[in-house]
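# What the coordinates show
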Amino acid sequence: MYLGLDLGTSGVKALLIDAGQTVIGSGHGSLDVSRPHPGWSEQNPEHWIRACEDAIAELKSSHPEELTAVKGIGLSGQMHGATLLDAADKVLRPCILWNDTRSHAEAAILDADPRFRALTGNIVFPGFTAPKLAWVKNNEPAVFAKVAKVLLPKDFLRLWLSGEHISEMSDSAGTSWLDVGKRRWSADLLAATSLDEKQMPSLVEGTHKAGALRSELASKWGVQAGIPIAGGAGDNAASACGMGTVGAGHAFVSLGTSGVLFAANASYLPNPASAVHTFCHALPHTWHQMGVILSATDSLNWLSEITGKNAGELTTELGDTLKAPSGVSFLPYLSGERTPHNDSAIRGAFTGLAHESSRAVLTQAVLEGVAFAFRDSLEALATAGTSLTRVTAIGGGSRSRYWLKAIATALQLPVDIPADGDFGAAFGAARLGLIAATGADPLEICRAPRTDATIEPDAALGGAYADAYQRYQALYPAIKVATA
């Protein structure tokens, strides 16, 4: 058996698979987010341990014999979080999470230093780790002075599991301290935030061994001591391992609270000007690019709250047949936008409204607006040298066939729907645990799931969608001026 542990923002998931990669069982532990001030988002790292223990306890209760057979562990986690430890490995303050925006001024200062984009291949976003440390130095100097180690969230779990300070490439690429092309810490970038490599964890590839399970926990769980723990991955790279999105040209579109267009690459292809994320993948000698939409299903959930109809009821009103765009456009910038604008201040808009604009018309515009935001990400990836021929759909929003038809037509790409199964980050982490424990070929293990159906672009509506996308693209500059 192989165990995947995924530390998300809302909870920890423990997933157990066997040697044939069949999911045997899972457990869950819940987490809350603290928001003590506007724009702040924090968690107590000790709560991650508690949630992990809850998830393991649930798994042990339902599958006690299978848990004892665990031979490898993989880790996945929310990216970018700044977990600050003193010389005794005690937590100095709550972890500043990925969606915390307090360090926007520090991020802008670091991003103005050309070394950051040149070495990391990315804009320095406020959500990344480096500007958070700059904020701590400026606002909590007594805390900053005691920082002996900076760990990402999943790597704090590793410290608890193994006693080791180790991270891996995919998660560390989101710190703004990694030389992403060379897959190593940059002394220059660390020095720019008054840090050095001694304060960083050591680095391994996601498929390699990165610590072993402590005997105390092994005894508590009823498993063998010294079980290898894989380097693991950041959450999107782990999901890609679960989906088999590891070879050049393979891609998925994730319709979750936020939206992600994720493409695997065989080489390092940075394009920071487009706000595309270029990170190391969890597999050696591979990288990936992501276009990120901050409000994907969140846009539909917002409309749901306004109309009093749930998301399923709203999309059902549209029927199954894709309609031509009505002339009503929606910009899904409810909390700003990442790709391609890197604009945290921009806000969403409806345009083209008329007396006859019904609830169904607004729903259609929301689905199209998110589809066109994915098209923006596709264009940004193309500028960075990545060409896609098809994508696989994952996430809660992918249950809407209408939405998938809109996305396929907006992207002019076939959209594959995987067969039912759990292919998320915890599954990808378990796969990485299997590889680290057995030395199996990563490409053999990280295979794509069977395709259940394929949604082709609607050829008859291709021209209408192209026209609607041109209108969509023209709206951002106008709205930006209006909200400046």
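Look up a bit, the structure's there.
Fair warning: this is a prediction, and the values are worked out from it, not measured in the lab.

## Some words on the environment of Pro325
Relative to the helices and strands, Pro325 is located in the loop between helix H13 (311-316) and strand E20 (329-331). Look at Pro325 and you get buried, because its relative accessible area is 17%.

## What about the nonpolar core?
Ranked by size, the top nonpolar core spans 64 residues in total, and within it Leu84, Leu133, Trp177 and Leu432 carry the most contacts. Once residues within four sequence positions are removed from consideration, Leu432 is found in contact with Gly206, Thr207, Ala230, Gly232, Ala233, Cys241, Ala282 and Leu283. Residues Ala263, Ala365, Leu381 and Leu404 belong to the second largest nonpolar core, which totals 56 residues.

## Topic: the state of the cysteines
Here is the idea: a disulfide is a covalent bond, and it sits between the sulfur atoms of two cysteines. In total, this model carries zero disulfides according to the counting rule given. Cys95 takes part in no disulfide bond, and the closest cysteine sulfur to it belongs to Cys52, at a distance of 16 Å. On the basis of relative accessible area, Cys95 is assigned to the buried category, the value being 0%. No disulfide involves Cys241; its sulfur sits 4.5 Å from that of Cys446, the nearest cysteine. Residue Cys241 is classed as buried on the basis of its relative accessible area of 0%.

## A short note on the pattern of salt bridges
Side-chain pairs of opposite charge can arise whenever the charged atoms involved come near each other. Counted under the stated rule, the structure contains 19 salt bridges. In this structure, Asp171 and Lys154 form a salt bridge, with 3.0 Å as the shortest nitrogen-oxygen distance. Taken together, the residues Asp171 in helix H8 (residues 169-172) and Lys154 in helix H7 (residues 153-162) connect sequence positions 17 residues apart. In this pair, the class of Asp171 matches that of Lys154, namely buried. The residue Glu379 makes a salt bridge to Arg375 at a minimum N-O spacing of 2.7 Å. Highlighted residues: Glu379 and Arg375, both in helix H14 (residues 359-383), separated by four residues, approximately one helical turn. The structure contains a network of salt bridges with shared partners spanning Glu42, Arg93, Asp100, Arg102 and Glu140.

Rules used in this analysis
- Residues numbered from 1 in each chain as written.
- Predicted model: local features only at pLDDT ≥ 70, side-chain atom pairs only at ≥ 80, totals over all residues.
- Heavy atoms only, no water.
- Helix = DSSP H or I, 4+ residues; strand = E, 2+ residues; numbered from the N terminus.
- Buried < 20%, exposed > 50% of the residue type's maximum accessible area, 1.4 Å probe, protein only.
- Core = buried A, V, L, I, M, F, W, Y, C linked by side-chain atoms within 4.5 Å.
- Contact = heavy atoms within 4.5 Å.
- Disulfide = S-S within 2.5 Å.
- Salt bridge = Lys/Arg side-chain N within 4 Å of Asp/Glu carboxyl O.

Read these as spatial facts, not as claims about activity.
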